Amino acid sequence: MSGPADRNGRIRGIADYPLAEKRPEIVKSARGKPLKDLTLAAVEAGEVTLEDLGITPQALLDQAAIAAKAGRPTLARNFARAAELVEVPQDVLLRIYELLRPGRAGNKDEVLAAARELRETYNAPTMAAFVEEAAEIYERRGLFTFRY
Amino acid sequence: MAVMSKSVSGESGKTSATDPRSGGANRWRRFADWDERPLRLDRFAIEDPENGFAAFKGAKDPKPGIEIADGRILSMDGIPAADFDMIDHFIATHHLDLDLAPEAMALPSREIARMLVDVAVPRTELARLAHGLTPAKLAEVVAQLSAIELAFAFSKMRTRKTPGNQGHVTNAKDDPLQLAADAAAAVAFGFDEIETTMRVARNSWSNALACSVGAAIGRWGTLFQCSSEENEELQIGMAGFTSYAETVSVYGTEKAFTDGDDTPWSKAFLAAAYASRGIKMRCTSGAASELLMGFHEAKSLLYLEARCLCLQRAMGVQGTQNGGIDGAPLASTMPGGVRELMAENLIAVWLDLECATGNDARHSESEIRVGAKILPFLIAGSDLVCSGMGSILKYDNSFNPSSFNGEEMEDFLVLQRDFEADGGLNSVDESRALELRRRAIDALCAVFAELDLGSPTAAMKQSVAIASGSNETASYTPREVSFISEKIKAKGINVLDVIKALARRGFREEAENLLQVVRLRVSGDYLQTAAVVRRGRVISAVNDPNDYGGPGSGYRLSPQRRQELAAIRDVLTREEVLRTEATYAAAENRRITYRALGTAPAAGPENEVVVGVSPAFGIKLYRTLAGHPLSAVLRAIGDGIRARGGEPRFVRLRHTADTSFLGLSAARLAGSGIGIGLQAKGTAVIHQKDRLPHHNLELFSNAPITTLDHYRGLGENAALYARGEMPEPVVVPTQGQALGARYHAQVALIYAIETSLTQDGAKPEAIEISFQEAAE
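In this report, we go over the structure that sits alongside the text. In this text, all values refer to a predicted model and were calculated from it rather than measured experimentally.

**Here's the deal with the packing of aromatic side chains**
All names here are of chain B. Per the counting criterion, the structure on display carries 15 aromatic pairs over all chains. Relative to Tyr711, the ring of Phe700 has its centre 6.2 Å away and its plane inclined at 50 degrees; by these criteria the two rings are tilted. With Phe700 in strand β19 (residues 698-700) and Tyr711 in helix α28 (residues 708-722), this pair connects stretches of sequence that are 11 residues apart. On the basis of relative accessible area, Phe700 is assigned to the buried category, the value being 1%.

Following this line, the structure appears as structure tokens:
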């Protein structure tokens, strides 16, 4: 896997892992806070929100680079897909997941529309391609069928 | 363990005759005895590959193979690409490394099997090779290994070096107070992950909140999941309460998959969704789920599971829980079924997946089968030995009883100690456990008060703190919990609200602990393969890789860890035995005095029976192993001798503590030539002066079950032998108790006290015995 993280050499090797310990300077919350600022006092003061305690696309890409360097390319690809989903709102995420379950979509176009939404609205090309692949196979295997 | 979407349940069809020993005159009653063993509650199934009952060799298992041309797969395991079902397609597209596949597939299966058990072949080389192997090939290779080879290969191939364990925290009432208390206890016992589920689905938010608070007691780092419906589980995770998920079940046939209401793409989407929320995730699969669901395609358990595992690696999940899981009881009904569970765990780690190795749904009513099944994983080590040990009692286990539950946890702790094998757990001091439970309950009550979720009474709290299980609590009912749970959901309470509530009410340490777990998400370090938190540090297959390469390598117990495993409760020490004996001394001294009268003369009257007692008898040791005061034993023997016309004479022997020699030496002093040897622990012998040392007349070797009446009978018989008669020997009936297990540590310590008082060549010493009080 060679993501942007890899190309920029952010991750030098698996010796950078765990990032929170070995490379704390490159770990930032979604709102740009460094790890050391995510303290109980800051939570009490309202300076840290749940958003600060989520993962960022960059952290996922960094973990993808580590997974790839550790010889786990499929895990790395999953992290790369996940990086694209960080910004996708919860309800959209759950809606698309639901659509991918058997028999939820009545035809291929509904699934392709979801793929388009991922690509165009959320800049998630890898995930979009993955959903398109699903649409193709669902059609071939007759999954656009009544279930309940 | 995750709950699979489909399961078949039902009572065993066994009917037992009203008379357990029925069968009349034409049945060997041993079979009637066997009918009553717990084992016979298990039902076994005939091998029937056409109907899916085959562990290794299915009727329609394909032969391994791959055809590739121009960078495209033409066929896999004999199936042309055009005929791929969605599982084949997903594996072919996302698992197989086409550059590697020709080389890997060309290796003979026997050769790869040998590589798996060869310490000279590094794990990394085999893990790389697996990227080019098809499901049928993986299955064919591991099928060649015997059970011991599977266990050995597993210990070499598992991903993380340091073993761990996972526990269930549930209860039959979904009582949040008990969940918090039990979670705190589970954390103290060392579980790396704890998992809850509900009796009533809508109680999920309450369960999640309660367990997350309980898991923050005492230390931080235990990962937590709330097994629920996929959609809701993800929402609970997004609210920050949980840190991992493993309900993402996959299946080995297309029909089972869609019947399970998912596809490889929907599950892979979910996998990415969990990662995008910073939540660790593993899949669930395992033998026989397809058979349970009715879509087995006449393929073997192993081949179908190999498909599931390739699929999981293809999806890019970090790990799996497999080894039967819900299907383990069904797999275990088949010949080789348990070996198959081991084989599928091996494929999982070979594919470089974290493996929570089943040992979850209890596969047998036989404790022997359960203990045997866990052993290979305990001694091989596993990322998570159980993918859910019941840290709670069986009836409180909402996932169904596990192999080991609250009832049997100490058995597991002792197995770790016996084999010096790290199963991830440790003992907890009794007072510490109660303290942690109270702390957890108080912390949860503080959160409830702060967030207006309830105000449990002191009586509720006390009942939960000391309860072993929910049958003993006077706490929340499932219906009351539903209101709490729905309120948490409706108010949109998230983990930060809980952290703040804890801090405001003075539970700062717990607030910090909970925040630390949530903070793991920011870097995502714990998303890597086999990540757990130990002593505040993330360890995983990346920074703690299993580097086993033969003796002296791989995971070894540190001296400190070895001590932890040894530190089970109630361990005998010499000091304790002496202290206990000393407490009996005062009472005995009121009942009896022994006066030493110098060297004992040889020979007395013809009806004389000499009783020779051991060196420490009545001096350092005062009770038999059965608990009889030695004074009472001497009185019973003396009364017995006199009742049959004999005359007892007591001597203390100091040259030996051995029963046979005590008895023979006493016999040689006796006018009748009959003597009794008696050790302080109660072992006794009747001897005759002309016999060989170990060829006695009667021996009472089972001191722990010897009664005072037996000692009296011994005295009577000795007197009868003295008269030249041949009495019926006294028999101390045994029920087959493992007396060695119960007493030998104590015996060894006591006996050492006896031998420490012996003197070579010391002459027998006459003693005068006076009983001070009436017999008890």
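**With respect to the packing of helix α7 (residues 147-157) of chain B against helix α17 (residues 367-380) of chain B**
Residue and element names in this part refer to chain B. The interhelical angle for the contact between α7 and α17, taken along N-to-C directions, is 35 degrees, at an axis separation of 9 Å. The handedness of the crossing between α7 and α17 is right-handed. Side by side, α7 and α17 meet where Ala151, Phe154 and Ser155 of the first sit next to Pro376, Phe377 and Ala380 of the second. Among the residues forming the contact of α7 with α17, the class breakdown is 5 nonpolar, 1 polar and no charged.

**Side note on the pattern of salt bridges**
Per the stated rule, a full pass over the model turns up 61 salt bridges over all chains. Measuring nitrogen to oxygen at the nearest pair gives 3.6 Å for the salt bridge that ties Asp639(B) to Arg642(B). With Asp639(B) and Arg642(B) both in helix α26 (residues 630-643) and 3 residues apart, this pair spans about one turn of that helix. Salt bridges here are not isolated pairs; linked through shared partners, they connect Glu98(A), Arg101(A), Arg104(A), Glu229(B), Glu230(B), Asp261(B), Asp262(B) and Lys267(B).

**Here we look at the interface of chain B and chain A**
Each partner contributes residues to the interface: chain B has 69 residues there, and chain A has 62 residues. Summed over both partners, the interface of chain B with chain A comes to about 5,600 Å²; 59% of that surface belongs to carbon and sulfur atoms. Looking only at chain B, the three residues that lose the most surface to chain A are Trp265(B), Phe269(B) and Val522(B), adding up to 14% of its buried area. The partner of Glu229(B) in a salt bridge is Arg101(A), and the shortest N-O contact between them spans 3.5 Å. Summed over the shared surface of chain B and chain A, the result is 25 residue pairs in polar contact (both at pLDDT 80 or more).

**As for the sheet that holds strand β3 (residues 79-80) of chain B**
Residues and elements named next belong to chain B. Reading across the sheet, the 3 strands line up as β1-β2-β3 and stay open at both edges, with antiparallel pairing between neighbours. At either margin of the open sheet sits one strand with a lone partner, and together these are β1 (66-69) and β3. The pairing of strand β2 (residues 72-76) with β3 spans 2 bridges and is antiparallel. Note on β3: the bridge partner recorded for Met76 is Ile79.

**Topic: the pairing of strand β18 (residues 684-688) of chain B**
Residues and elements named next belong to chain B. Among the 5 residues of β18, 4 are classified as buried, and the element is accordingly described as predominantly covered. The hairpin formed by strand β17 (residues 674-678) and β18 contains 5 residues between the paired strands, and Gly682 there has a positive phi angle of roughly 110 degrees. Where β18 and β19 come together, 3 bridges link them in antiparallel fashion. Residue pairing for β19: Ala684 is matched across the bridge by Phe700.

**Re the environment of Val43(A)**
By the element assignment, Val43(A) lies in helix α3 (residues 40-44). With 105 residues separating them in the primary sequence, Val43(A) and Tyr148(A) have C-alpha atoms 45 Å apart. Once you skip the residues sitting within four places of it in the chain, Val43(A) turns out to touch Val48(A), Leu496(B), Ile499(B), Lys500(B) and Leu515(B).

Cut-offs applied
Residues numbered from 1 in each chain as written. Chains lettered and ligands numbered in written order. Predicted model: local features only at pLDDT ≥ 70, side-chain atom pairs only at ≥ 80, totals over all residues. Heavy atoms only, no water. Phe/Tyr/Trp six-rings, centres within 6.5 Å; stacked < 30°, edge-to-face > 60°. Helix = DSSP H or I, 4+ residues; strand = E, 2+ residues; numbered from the N terminus. Buried < 20%, exposed > 50% of the residue type's maximum accessible area, 1.4 Å probe, protein only. Axes fitted to C-alpha atoms, helices over the stretch in contact; angles between N-to-C directions. Left-handed = near helix turned anticlockwise from the far one by under 90°. Contact = heavy atoms within 4.5 Å. Nonpolar A, V, L, I, M, F, W, Y, C, P; charged D, E, K, R; others polar. Salt bridge = Lys/Arg side-chain N within 4 Å of Asp/Glu carboxyl O. Buried area = accessible area lost by both parts, 1.4 Å probe. Polar contact = N/O pair within 3.5 Å; in protein donor to acceptor, adjacent residues only side chain to side chain. Pairing = 2+ DSSP bridges.

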